[in-house]
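Take a look at the letters that make up each chain.
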Amino acid sequence: QVQLVESGGGLVQAGGSLRLSCAASGSILIIGRVGWYRQAPGKQRELVASIGSGGITNYADSVKGRFTISRDNAKNTVYLQMDSLKPEDTAVYYCNAAALVSSRFTDYWGQGTQVTVSS
């Protein structure tokens, strides 16, 4: 079993910054692709950024140039640095990771962390 715990959310003013963290724990052999998703009330969950095991990154157009995803494999932790935040970034942010446990890869989700950006 794998546990993902997000942290770093909060309330900030437009133009501010937050750094989200996703820490993985459990009997993990390998963490593959990791993604940050967000879901605002009344909207579908969307992919914000992802990073593969080799470090290749992908970003939603809406956050390019403002958000940066990174990973520290030694710490089993991924980060999402969010700069120049806008009110439309307000959402619950979730971490998703494909982890090799025992003999198979399985997707895991964190509990989410609330990000609120005020005007």
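Residues numbered from 1 in each chain as written. Predicted model: local features only at pLDDT ≥ 70, side-chain atom pairs only at ≥ 80, totals over all residues. Heavy atoms only, no water.

Undergrad: Please provide a residue-by-residue account of the overall build of the protein chain, values included.
TA: If you tally the helices and strands in the protein chain, you get zero helices and 11 strands. Put simply, the protein chain runs from its N terminus to its C terminus through helices and strands in the order β-β-β-β-β-β-β-β-β-β-β. Across the 119 residues of the protein chain, 45% fall into the buried class. When contacts within the protein chain are restricted to residue pairs at least 6 apart in sequence, long-range pairs at least 24 apart make up 54% of them. For the protein chain, the accessible area works out to roughly 6200 Å², and carbon and sulfur atoms hold 48% of it. Side-chain charges of the protein chain comprise 11 positive and 8 negative groups, with the mean position of each set lying 3 Å from the other. (Helix = DSSP H or I, 4+ residues; strand = E, 2+ residues; numbered from the N terminus. Buried < 20%, exposed > 50% of the residue type's maximum accessible area, 1.4 Å probe, protein only. Contact = heavy atoms within 4.5 Å. Areas by Shrake-Rupley, 256 points an atom, 1.4 Å probe, with all protein chains shown as cover. Lys, Arg positive; Asp, Glu negative; His and termini not counted. Charge placed at Lys NZ, Arg CZ, Asp CG, Glu CD.)

Undergrad: Give me the lowdown on the state of the cysteines, citing residues and values where you can.
TA: What the rule picks out here adds up to one disulfide. The residue that forms a disulfide with Cys-22 is Cys-95, at a sulfur-sulfur distance of 2.2 Å. Taking the sign of the torsion about the S-S bond as the criterion, the disulfide between Cys-22 and Cys-95, at about -85°, is left-handed. Of this pair, Cys-22 sits in strand E3 (residues 18-26) while Cys-95 is found in strand E9 (residues 91-101), placing the two residues 73 residues apart along the sequence. Judged on exposure class, the residue Cys-22 and its partner Cys-95 are both buried. (Disulfide = S-S within 2.5 Å.)

Undergrad: Give a description of a nonpolar patch on the surface that names residues and reports values.
TA: On the surface, a nonpolar cluster with roughly 330 Å² of combined accessible area is contributed by Leu-29, Ile-30 and Phe-105. Considering the arrangement of structural elements, one finds Ile-30 in strand E4 (residues 30-39). (Patch = residues over 30% accessible without salt bridge, like charges linked within 9 Å, V, L, I, M, F, W, Y side chains within 5 Å. Salt bridge = Lys/Arg side-chain N within 4 Å of Asp/Glu carboxyl O.)

Undergrad: Pulling in residues and values, what's your account of the side chain of Glu-6?
TA: By the element assignment, Glu-6 lies in strand E1 (residues 2-7). As a buried residue without a salt bridge, Glu-6 has its nearest oppositely charged side chain in Arg-45, at a separation of 7.6 Å. For Glu-6, the side chain forms a polar contact with the main-chain nitrogen of Cys-95, separated by 2.7 Å. Within polar-contact distance, the side chain of Glu-6 engages the backbone nitrogen of Gln-111 at 2.9 Å. When sequence neighbours within four positions are dropped, the list of residues in contact with Glu-6 reads Ser-21, Cys-22, Trp-36, Tyr-93, Tyr-94, Cys-95, Gly-110, Gln-111, Gly-112 and Thr-113. (Polar contact = N/O pair within 3.5 Å; in protein donor to acceptor, adjacent residues only side chain to side chain.)

Undergrad: Residue-level account of the nonpolar core, with values.
TA: Ranked by size, the top nonpolar core spans 33 residues in total, and within it Leu-4, Trp-36, Phe-67, Leu-80, Met-82 and Tyr-93 carry the most contacts. Taken together, the elements giving at least two residues each to this core come down to E1, E3, E4, strand E5 (46-51), strand E7 (67-72), strand E8 (77-82), E9 and strand E11 (113-118). Here this core gets six residues from one element, more than from any other, and that element is E9. Leave out the neighbours within four places in its chain, and Tyr-93 touches Glu-6, Leu-20, Trp-36, Tyr-37, Arg-38, Val-48, Phe-67, Leu-80, Met-82, Gly-112, Thr-113 and Val-115. (Core = buried A, V, L, I, M, F, W, Y, C linked by side-chain atoms within 4.5 Å.)

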